[in-house]
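Survey of secondary and tertiary structure
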Amino acid sequence: MIYLENYIDGELQPPINGRFLDNYNPSKGVVYSQIPDSDKADVQAAVVAAKSAFKSWSEKPKEERSKILVRLADLIAENLESLAAAESIDNGKPLSLAKKVDIPRAASNIGFYATAILHYASESHSMEGAGINYTLRKPIGVVGCISPWNLPLYLFTWKIAPAIAAGNCVVAKPSEITPMTAYLFSKLCLQAGLPPGVLNIVHGLGPKVGAAITEHPEITAISFTGGTQTGATIAKVAAPMFKKLSLELGGKNPNIIFADCDLDKAISTSVHSSFANQGQICLCGSRIFVEEPIYEAFKKGFVEKIKQLKIGDPFDPKTNQGAVVSEDHMKKVLACIDLAKEEGGTIIAGGNRVVLEGDLADGYYIEPTIIEGLPFDCRTNQEEIFGPVVTIAPFKTEEEVIKYANSTLYGLASCIWTENLTKAHRLAASLETGIVWINCWLVRDLRTPFGGVKNSGVGREGGFEALHFFTEPQNICVKIQ
Ligand code: TXE
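Conventions and cut-offs
- Residues numbered from 1 in each chain as written.
- Predicted model: local features only at pLDDT ≥ 70, side-chain atom pairs only at ≥ 80, totals over all residues.
- Heavy atoms only, no water.
- Domains from an automatic or database assignment.
- Contact = heavy atoms within 4.5 Å.
- Buried area = accessible area lost by both parts, 1.4 Å probe.
- Salt bridge = Lys/Arg side-chain N within 4 Å of Asp/Glu carboxyl O.
- Polar contact = N/O pair within 3.5 Å; in protein donor to acceptor, adjacent residues only side chain to side chain.
- Helix = DSSP H or I, 4+ residues; strand = E, 2+ residues; numbered from the N terminus.
- Phe/Tyr/Trp six-rings, centres within 6.5 Å; stacked < 30°, edge-to-face > 60°.
- Buried < 20%, exposed > 50% of the residue type's maximum accessible area, 1.4 Å probe, protein only.
- Lys NZ or Arg CZ within 6 Å of the ring centre and 35° of its normal.
- Near = heavy atom within 4 Å.
- Areas by Shrake-Rupley, 256 points an atom, 1.4 Å probe, with all protein chains shown as cover.
- Core = buried A, V, L, I, M, F, W, Y, C linked by side-chain atoms within 4.5 Å.

Section: the domain arrangement of the protein chain
Domain parsing of the protein chain yields domain 1 (2-249 + 456-479) and domain 2 (253-446). Here the C-alpha centroids of domain 1 and domain 2 sit 30 Å apart. Of the residues lining the interface, 32 residues belong to domain 1; the matching set on domain 2 comes to 28 residues. For the pair domain 1 and domain 2, the summed buried area comes to about 2400 Å², and 60% of that belongs to carbon and sulfur atoms. If you sort the residues of domain 1 by the area they bury against domain 2, Lys28, Trp149 and Ser456 come out on top, with a joint share of 22%. Viewed at the interface, domain 2 and domain 1 are joined by 1 salt bridge. Here Lys28 and Asp359 are joined by a salt bridge, their closest N and O atoms 3.4 Å apart. Summed over the shared surface of domain 1 and domain 2, the number is 11 residue pairs in polar contact (both at pLDDT 80 or more). Breaking the side of domain 1 that touches domain 2 down by element, the ones donating at least two residues are helix H3 (80-91) and helix H4 (95-119).

Have a look at this one:
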């Protein structure tokens, strides 16, 4: 049995209370490691370490901070195979996906901010000869980063990299459901020579460790990705303490397909945008709206492709769909499929749990599921499912589809498929989402603002937006006459 450890003040250490939690391999439904069941005391030790590291880290020339982060990015890339295998075992995702997406992106996140900080400049405002203002961008101090289970190392590093690059010290908590790659990452931090206390990783439960980070008076900014409900809980505690907050929450993203699209491309990309990572990506398009003239053609092509997806051992290179992350999550997703049926939906593909053979028999597998015949405003079309489930419905006019698309409380991402660019730009501007993809999905430039509107979150990550978040501007005004 593997015992994970916290990473505090540059040392790997067990939780102070000595307690551990079971960690599951979802592809087999078995416990395969133990993670620290940390509490307030460990968070306190992490804050003390972060505070004492802050002066020297924040005053270190950015070139030196950058070099350490570049080394860390290189170490992630060098350990691609072992990190990808660990991610697949911990999360249930296909190994091929972890190798192609999760781990390379984690290395890019660190590499991107290692160099971004060298180009980050602040503003000055001249007052026509009477005076001049310049703005300093100062690191905040000790910041908290809390990340989810769907893209574990990818989202963990997406927060930590800009925080550290900007000169802050971090107390971070990965999801207790997928803690393994954050633990392996702490070993790489030691190898890269990251000074003790700059990053502290405390493992454990959200309501214990996450809450202790949120409540801690000396942690003055929180960057969180996870469920909308948890985001609201965090905001309730952090807002009256006047903490800076960045919240990346859920989505219920529309995928809008016009009759004049490139149908083959729209179908093949919709397979990924619906079911990549078993649909457990906040950016997945879970509501597909197809213009009436091509509704039947799209449906036929889409269903055919979905039925060809291989559900199986995440380590098999032919597998397209691995396991969902936990037994609880599997039950939640299956309950959502039952609800869709109660609401009058027709299952046109999938709809069931899959029981595989041998040691995978207790794994958490669900068929990729397509549901039609539901109104846009029913619960299935309004609430986040976060699994391999999409709905499909026809539409007649642009006005109608805009109404459907904008009808949810969420506003993270959307996709538009059309060869008419004027229409695409017009529609993009009227969609209430932080991100719009035209004729593509999940094409990412790390310099762009990333985040959602409405219940999908507050603030933006990515590019200099994240460096703005992790710094405090101070304006200095000089009178020169
Ligand atoms: O997320 P949680 P869960 C959505 C998705 C999913 C639902 C719940 O719909 O079904 O959220 O997933 C920590 N104070 N997304 O339960 O609980 C927790 O330990 C502070 C969308 O896994 O929000 C973990 O580290 N922290 C999403 C992190 O918050 C707390 C990705 C996220 O967990 C806490 C994942 C508390 N009181 C799920 N309670 C996306 N947008 O990408 C929990 N945590």
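Things to note about the packing of aromatic side chains
Taken as a whole, this structure holds 12 aromatic pairs when the rule is applied. Aromatic pair Phe258 and Phe395: ring centres 5.3 Å apart, planes at 85°, arrangement edge-to-face. Taken as a pair, Phe258 in the loop between strand E13 (253-257) and helix H9 (263-275) and Phe395 in strand E19 (residues 389-395) lie far apart in primary sequence, 137 residues in all. The class for Phe258 is buried, based on a relative accessible area of 1%. Taken together, the ring pairs connect Phe112, Tyr113 and Trp158 into an aromatic cluster. Lying over the aromatic face of Phe469, Lys244 brings its terminal NZ or CZ to 5.4 Å of the ring centre.

Considering the site of the ligand
Around the ligand sit 29 residues, and of these Ser147, Trp149, Glu176, Thr230 and Glu384 come closest. Trp149 places a side-chain nitrogen or oxygen 2.4 Å from an oxygen atom of the ligand. Glu176 places a side-chain nitrogen or oxygen 2.5 Å from an oxygen atom of the ligand. Contact with the protein chains hides 85% of the accessible area of the ligand, taken as 810 Å² for the molecule alone. Only helix H7 (206-215), strand E11 (221-225), helix H8 (228-238) and helix H11 (327-342) provide two or more residues apiece to the shell around the ligand.

Digging into the nonpolar core
Of all hydrophobic cores here, the largest spans 115 residues; its most connected members are Phe185, Leu199, Leu283, Phe302 and Ile370. With 11 residues, H4 is the largest single contributor of residues to this core. Here Phe302 is in contact with Ile267, Ser270, Val271, Ser274, Phe275, Ile288, Ile370 and Val390, once residues within four sequence places are set aside.

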